[in-house]
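Residue strings, one per chain:
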Amino acid sequence: MADWQTLSDRINNVAPSATLAVDSKAKAMKAAGVDVIGFGAGEPNFPTPDYVVEAAAEACRDPRNHRYTPTPGLPELREAIARKMLRDSGYEVTPEQVVVTNGGKQAVYEAFQILLNDGDEVIIPTPYWTSYPEAVKLAGGVPVEVFAGADRSFEPDIDAIEAARTERTRAIIVTSPSNPTGAVWSRETIEAIGRWAVEHHVWVVSDEIYEHLNYDGARTAYIGQVVPEVRDQLLVLNGVAKTYAMTGWRVGWLVAPEPVAKAAAKLQGHMTSNVANVSQRAAIAAVGGDLDAVYAMREAFDVRRKAIVAALNAIDGVHCPTPTGAFYAFADVSGLLNRPLGANGSVATSSAELAAMLLDEAHVAAVPGEAFGAPGYLRFSYALADDQLAEGMRRFQAWVG
């Protein structure tokens, strides 16, 4: 490639999405006739609830939805999200604080584009969702990882967070329930982070997209409710994808102080304009309805959670803590490294190599821990059908031997 053809440093410094890469390879293998069991993408296997689909079908026939909407979203949807915040998060926001985005990822991207100048630092509790550090880098920022392992139930320590703070610290990410670990952080940890952020004038970016997926009595603690003083420096990210099995509808949102929300709308006006009207109408039905369908899905996830944890822990060399949120099992596979595996006696020296071997030889797709800042782990999404889950675990165990 000639010098003039080189791409920007900004894009060259960003890693591709590891979860989507695993999912894409698994789908390509399936298209080629290979029977792959996919634990890669965090995508519920359930259909979107019928009443949501009906709302979308009706919206298709309404000419109002054949046109642009305001960039920050339909007023009716922004109002519904504000009511949902009061119902679920326990505190009041105005529709003017809400910006509807093309999926949760756009909300993440916009948050850091708005908050960061070149060289600003963002503290990212680790293991992290794979796109957080890349979104920070795309905004010219510097990701600062603060690791918390299984010995702490993957829950960050406030002293470690404080030790990572510098004069360039601009923001911290809060994600509970967590992707990839399934950890639900305690109210005490959430409160400590909120009070620390207020004391040190640090923005809080709270990703609450798995808020309703809790098990074993765990409850999501909302930082804006636990520490009201933090709301003036709080950005809440959420969406319908995980809660309502609406990954393909591409509706997320950002809730922030009004000046931040206005900045997000200004940015979005130059990026994508509004989210598709029909998807917004579907989202109104979702967030405005009850949570019965959500709880039914959660019960199914709970059965799968117990099944996958038991199956993983039955494999020699694998240890999987029991997650209490989301729909991920985060398994320590360090005991499988540097030993012969499978019929070929292949040896993996890293969890990335192990994931590649598992997919190629056993036709089981999982995401390596390197994607989440946690080498030595594999992430398994259990948002797939029960029979597929059982078959995938059977293959994994048989492959290990």
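This text goes with the structure placed above it.
Residues numbered from 1 in each chain as written. Predicted model: local features only at pLDDT ≥ 70, side-chain atom pairs only at ≥ 80, totals over all residues. Heavy atoms only, no water.

A. Representation of the sheet that holds strand β8 (residues 252–255) within the structure. Read across the sheet, seven strands follow the order β2-β8-β7-β6-β5-β3-β4 without closing on themselves; strand pairing throughout is mixed. Since the sheet does not close on itself, it has two edges, and those belong to β2 (98–101) and β4 (142–147), each with one partner. Direction aside, neighbouring strands of the sheet carry axes that sit 20 degrees apart on average. Here four bridges tie strand β6 (residues 203–207) to strand β7 (residues 234–239), and the two strands are oriented parallel to one another. By the bridge assignment for β7, Val205 is matched with Leu235. The strands that helix α4 (residues 75–89) touches are β2, β7 and β8; relative to β2, the one it contacts most, it runs at about 115 degrees. (Pairing = 2+ DSSP bridges. Helix = DSSP H or I, 4+ residues; strand = E, 2+ residues; numbered from the N terminus. Axes fitted to C-alpha atoms, helices over the stretch in contact; angles between N-to-C directions. Contact = heavy atoms within 4.5 Å.)

B. Spatial organisation of helix α10 (residues 258–271). A rise of 1.5 Å per residue sets the reference length of α10, with its 14 residues, at 20 Å; its end C-alpha atoms lie 20 Å apart and thus fit the reference within 8%. Listed in full, the buried residues belonging to α10 are Val260, Ala261, Ala264, Ala265 and Gln268. All buried residues of α10 lie within an arc of 140 degrees about the axis, which places them on one face of the element. For α10, the exposed residues lying more than 90 degrees away from the buried face are Pro259, Lys262, Lys266 and His270. Those residues of α10 hidden inside the fold are in contact with β2, α5 (103–115), β6 and β7. At the exit of α10 stands Ser273, carrying a positive phi of roughly 60 degrees. (Expected span 1.5 Å × (residues − 1). Buried < 20%, exposed > 50% of the residue type's maximum accessible area, 1.4 Å probe, protein only. Arc of directions from axis to C-beta.)

C. Fine view of the environment of Val309. Within the element layout of this structure, Val309 appears in helix α12 (residues 292–313). Between the C-alpha atom of Val309 and that of Ala385, which follows or precedes it by 76 residues, the distance is 15 Å. Ignoring anything within four residues of it in the chain, the contact list for Val309 reads Cys320, Pro321, Thr322 and Pro323.

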